[in-house]
Amino acid sequence: MLLLAISCSSMALAQQAPQPAAVEATALPPEQAAMKAHVMFLASDAMQGREAGTSSYDVAAQYVASQFYSAGLKPAGTDGSYLQDVPLLRYKPASEGSFAYAPRGGAPTALRFGADYIPGADPTRAETVVDAPVVFVGYGVDAPQFKRDDYAGVDVRGKIVAFFAGAPANLPGEERAHFGNTANKAVTAQAKGAVGYVVLESPTSAKVRPFARQAESYADARMTWARPDGSGFFAAPDTPGLGSLSMTGAEKLFAGARTPWAEVVKTAESPQAAFRAVELPGRLSVKLATTTEPVTSYNVAGMLEGSDPRLKNEVVVLTAHLDHVGVGTPKDGDAIYNGAMDNAVGIAAMIEEAKRFKASGQPPKRSILFLAVTAEEKGLVGADYFARNPSIAKERLVANVNLDMPIITYKFEDVIAFGAQRSTLGQYVMNAAQKLGVTFSPDPMPEQGLFTRSDHYRFVQQGIPSVFLWPGTKGPGKAAVDAFFAQHYHQPSDALGQNPAIDWESGARFIEANYMIAREIADAPERPRWNKGDFFGTLYNGHGAR
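Residues numbered from 1 in each chain as written. Predicted model: local features only at pLDDT ≥ 70, side-chain atom pairs only at ≥ 80, totals over all residues. Heavy atoms only, no water.

Looking at the overall build of the protein chain
Scanning the protein chain for helices and strands turns up 15 helices and 21 strands. The globule rule puts the C-alpha radius of gyration for 546 residues at 24 Å, and the 24 Å found for the protein chain is close to it. Its C-alpha atoms give the protein chain principal-axis dimensions of about 80 × 60 × 50 Å. Relative to its full complement of 546 residues, the protein chain shows a buried share of 56%. Contacts spanning at least 24 positions in sequence make up 82% of the contacts within the protein chain whose residues lie at least 6 apart. Carbon together with sulfur atoms contributes 51% to the accessible area of the protein chain, which is approximately 21700 Å² in total. Once the 51 positive and 56 negative side-chain charges of the protein chain are each reduced to a mean point, those two points are 5 Å apart. (Helix = DSSP H or I, 4+ residues; strand = E, 2+ residues; numbered from the N terminus. Rg over C-alpha atoms; globule rule 2.2 N^0.38 Å. Buried < 20%, exposed > 50% of the residue type's maximum accessible area, 1.4 Å probe, protein only. Contact = heavy atoms within 4.5 Å. Areas by Shrake-Rupley, 256 points an atom, 1.4 Å probe, with all protein chains shown as cover. Lys, Arg positive; Asp, Glu negative; His and termini not counted. Charge placed at Lys NZ, Arg CZ, Asp CG, Glu CD.)

Here it is as C-alpha cells:
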C-alpha cells in the first residue's frame, strides 16, 4: 500500500541466507493451506521483498502466471502470454541543479541548495530550464464544487506556480486526498497555462520532517512508466515539478510582495486555511538535470471468459499488487522487507478466488480479468500503465475491485469497501457480505482518503467504477489494524512467523467474501455505474455519473 516509501539496497541481502518459512505443527484445512502456500513462496526471503524491476520480482510474476494457468485462466498479457510488459523508468536528479531569484528591477541572487531549495526531477526530459515570474496560489486547489478557487484573481499563463502541499481540512476526506495529490495539482496548473510548479515548506511540514532532512535524500530514485520515445510519463508534462522551497527560501521570493510571507505563514498554521493568490515581484530561474534508467517489469493478467453471449464482452477487473519494497535498512538484523500482508496475502486471495470460479463449474456471465500489478509501491505505476494501456480493449472494462494488504490477523466481523458509496458496486458488496453472514461497514477512517491511495484509483481516473476491499474494524478489528500499522507496516516484521500470526481461517473467509462480490458484479443484470453526480464519476466522465 502506498503510504510511505522505503529506500532499498540489494547489498544488504548478500550477507543473508534465505530462511525457511515457519510451518504449523498441525496441518491446516485444504483451503487455508492453499492460501498459506502462496504466501510462503511470495513472502519468503528468497523473493528479496519483490521490488519492481528486480529478478526476484520476475520470479514472483512467473509464479503467479503459473497459478493463473492452473486456475484455468486464459493469457491476457503481451503477445499471448500471461505477462504484460511494463516499461518502467527509474529517474532522479543528476545534480543539485540551480535556483536563482531576481526581484523586479534587481539582479538575480542564487538560492542555496539544502537551505533554500531542493531540486526536482523531470522524467520527461534530461534538462529542464525555466525562467518565469512566480505566482503564489495557496494549496493550488481549484474546486468549484466546494466553492474554492486558489487561482482566483490571477493569471498564471507562462508563469511558475508556488503552493503548499496537501489540501484544506474542510474538504471531504476522499476529495481532499484527490486535491492534495501533487500530480493532480500539476494537471490543474497545466490546464491554467503554468510552466512549472514549486512546493513550499509549511509550518506543519517543517515539524513533520525538517527541510534539511529532506535534502539528505534529494537524489533518491523515483519511478514512472516510459512512453514509446523513452521519455517518462507525467500527467502534466508542460508543467514540471521544479522542486521544493524551504520557508527561508520562500521568504526571499515574497520580499516586497503585497502579501508578506509572515502573514502567509500565520495563515498556513490553520488546517482550514484560505489564501489569496498573489503574483510575486520577481522571476525565478531554475535549471535541472535528470538521469533516467529503463527497467522492465510485468503485470500478470489472466482472463476468465464470461458465459453470457452479450455480457461476456464486459470485463470486471480484479487487482492486487505483487510488488513490495525489497531490501532496505536492517531492523534487528533483518534487511528483507518480505511483504507478507502487503501484499502477498492479497495476491494469494486473488489466485484462490480464481480457483473457486473454476471449482464452481459455473462460469460468470461477464468476463473477469485477474490482474497482478507491478510498482504499486513506486506510485501505483503498474496499475496506471495498464489502465492507460490495457492489454484488452479499454471500452470493455466496466469495474475494478482491488485487494491491497487485507489485514487478517483476527476474526473479522464486517467488511469495508472504500468507495462503495460512490457507485452501484456498493450494493453488490453489501449483498455478498449478507450472504457471508458479516455486516458491511462504512469507511471507518475517511480522513485518510484511502480511496485515492491504492491501485483502484488509477482505474477511477479512467472513469471506471472501483472499490477497495478490506476486512472490517468491528470488534477486535480496530486494535489489530492499528497494531499492524504501528509495528509491521513496511517493516521486515511483515513476514510469516512473526507476531501477530496470520489467521488463515479469516483468510479463507476473506477469499469467500471476494468470490461472492466478484460473482455478484459479474452476474448482475446491469453493468456497474457511478451514482449520478458523484465527484469522481463526474470528474472522469464515468458511466452513469452525468
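Moving on, there is more to tell.
Some words on the pattern of salt bridges
In this structure the tally under the stated criterion is 23 salt bridges. For R90, the salt bridge goes to E293, with nearest N and O atoms at 3.0 Å. Taken together, the residues span a long stretch of sequence, with R90 in strand β2 (residues 83-93) and E293 in strand β13 (residues 278-304) at a distance of 203 residues. R90 gets classed as partly exposed once you look at its relative accessible area, which sits at 25%. One salt bridge in this structure joins K411 and E505, with 2.6 Å as the shortest N-O distance. Taken together, the residues span a long stretch of sequence, with K411 in the loop between β18 (397-403) and β19 (414-418) and E505 in helix α14 (residues 504-523) at a distance of 94 residues. According to the relative accessible area criterion, K411 is partly exposed, its value standing at 41%. Relative accessible area serves as the criterion here: at 41%, E505 is assigned to the partly exposed category. Here the salt bridges do not stand alone but share partners, grouping E174, E175, R422 and D534 into one network. (Salt bridge = Lys/Arg side-chain N within 4 Å of Asp/Glu carboxyl O.)

A short note on the packing of helix α11 (residues 425-436) against α14
Relative orientation of the contacting elements α11 and α14 amounts to 135°, with a least axis distance of 8 Å. Between α11 and α14, the interaxial angle falls into the category oblique. As for how α11 packs across α14, the hand of that crossing is right-handed. In this structure, α11 uses L425, Y428, V429, N431, A432, K435 and L436 to contact α14, whose residues at the interface are R509, E512, A513, M516, I517, E520 and I521. Partitioned by chemical class, the residues of the contact of α11 with α14 number nine nonpolar, one polar and four charged. (Axes fitted to C-alpha atoms, helices over the stretch in contact; angles between N-to-C directions. Parallel < 35°, antiparallel > 145°, perpendicular 65-115°, else oblique. Left-handed = near helix turned anticlockwise from the far one by under 90°. Nonpolar A, V, L, I, M, F, W, Y, C, P; charged D, E, K, R; others polar.)

Some details on the pairing of strand β21 (residues 466-471)
The element β21 is extensively covered by neighbouring structure, given that six of its six residues are classed as buried. Covered by surrounding structure in β21 are S466, F468 and W470 together with V467, L469 and P471, the residues of both alternating faces. In the sheet, β19 pairs with β21 via four bridges, with the strands oriented antiparallel. In the sheet register, F418 faces β21, and the bridge partner there is F468. (Pairing = 2+ DSSP bridges.)

Some remarks on the packing of helix α1 (residues 30-42) against α14
At a closest axis distance of 9 Å, the pairing of α1 and α14 adopts a crossing angle of 95°. Between α1 and α14, the crossing angle belongs to the class labelled roughly perpendicular. Between α1 and α14, the residues in contact are E31, Q32, M35, K36 and V39 and W504, E505, G507, A508 and I511, respectively. For the contact of α1 with α14, the class distribution of residues is five nonpolar, two polar and three charged.

Observations concerning the pairing of strand β3 (residues 98-103)
The sheet contact formed by β3 and β13 spans six bridges and is antiparallel. Counterpart to Y101 in the pairing with β13 is L284. Pairing analysis gives two bridges linking β3 to strand β4 (residues 109-110), with the strands arranged antiparallel. Bridge pairing in β4 places Y101 opposite T109. The turn joining β3 and β4, which pair antiparallel and follow one another in sequence, is formed by five residues; a positive phi near 80° is taken by G105.

Here we look at the nonpolar core
The tendency in soluble globular proteins is for nonpolar side chains to be buried as a group. Counting 80 residues, the largest nonpolar core has V300, L322 and F370 as its most contacted members. Top contributing element to this core by residue count: helix α9 (residues 340-360), with eleven residues. (Core = buried A, V, L, I, M, F, W, Y, C linked by side-chain atoms within 4.5 Å.)

A short note on helix α4 (residues 182-191)
Every buried residue of α4 is accounted for by N184, K185, A186 and A189. Backbone geometry just after α4 places G193 at a positive phi near 95°.

Looking at the packing of aromatic side chains
Summed over all chains, the structure comprises 29 aromatic pairs. Ring centres of F41 and Y63 lie 4.5 Å apart, and the angle between their planes is 20°; this geometry places the pair in the stacked category. With F41 in helix α1 and Y63 in helix α2 (residues 55-70), the pair connects residues that are 22 residues apart, well separated along the chain. When the centroid spacing of 4.7 Å and the interplanar angle of 65° are considered together, the rings of F357 and Y515 count as edge-to-face. In this pair, F357 is assigned in helix α9 and Y515 in helix α14, connecting sequence segments 158 residues apart. Classification of F357 by relative accessible area gives buried; the value is 3%. (Phe/Tyr/Trp six-rings, centres within 6.5 Å; stacked < 30°, edge-to-face > 60°.)

Points about helix α10 (residues 381-388)
Burial analysis of α10 places seven of its eight residues in the buried class, the great majority of the element. Buried positions along α10 lie against β2, β11 (222-225), β13, β17 (367-373), β18 and α12 (456-460).

Considering the confidence of the model for the protein chain
Residues at a pLDDT of 70 or more form 95% of the protein chain, whose mean pLDDT is 93. A low-confidence stretch, residues 2-18 (pLDDT under 50), is modelled with 40 contacts involving residues beyond four sequence positions or located in other chains. (pLDDT = per-residue confidence, 0-100.)

Overview of the environment of A524
Among the secondary structure elements, A524 is positioned in the loop between α14 and α15 (535-539). Sequence separation between A524 and Q434 is 90 residues, and the spatial gap between their C-alpha atoms is 16 Å. If near-sequence neighbours (up to four positions away) are discounted, A524 is found in contact with L311, R366 and Y428.

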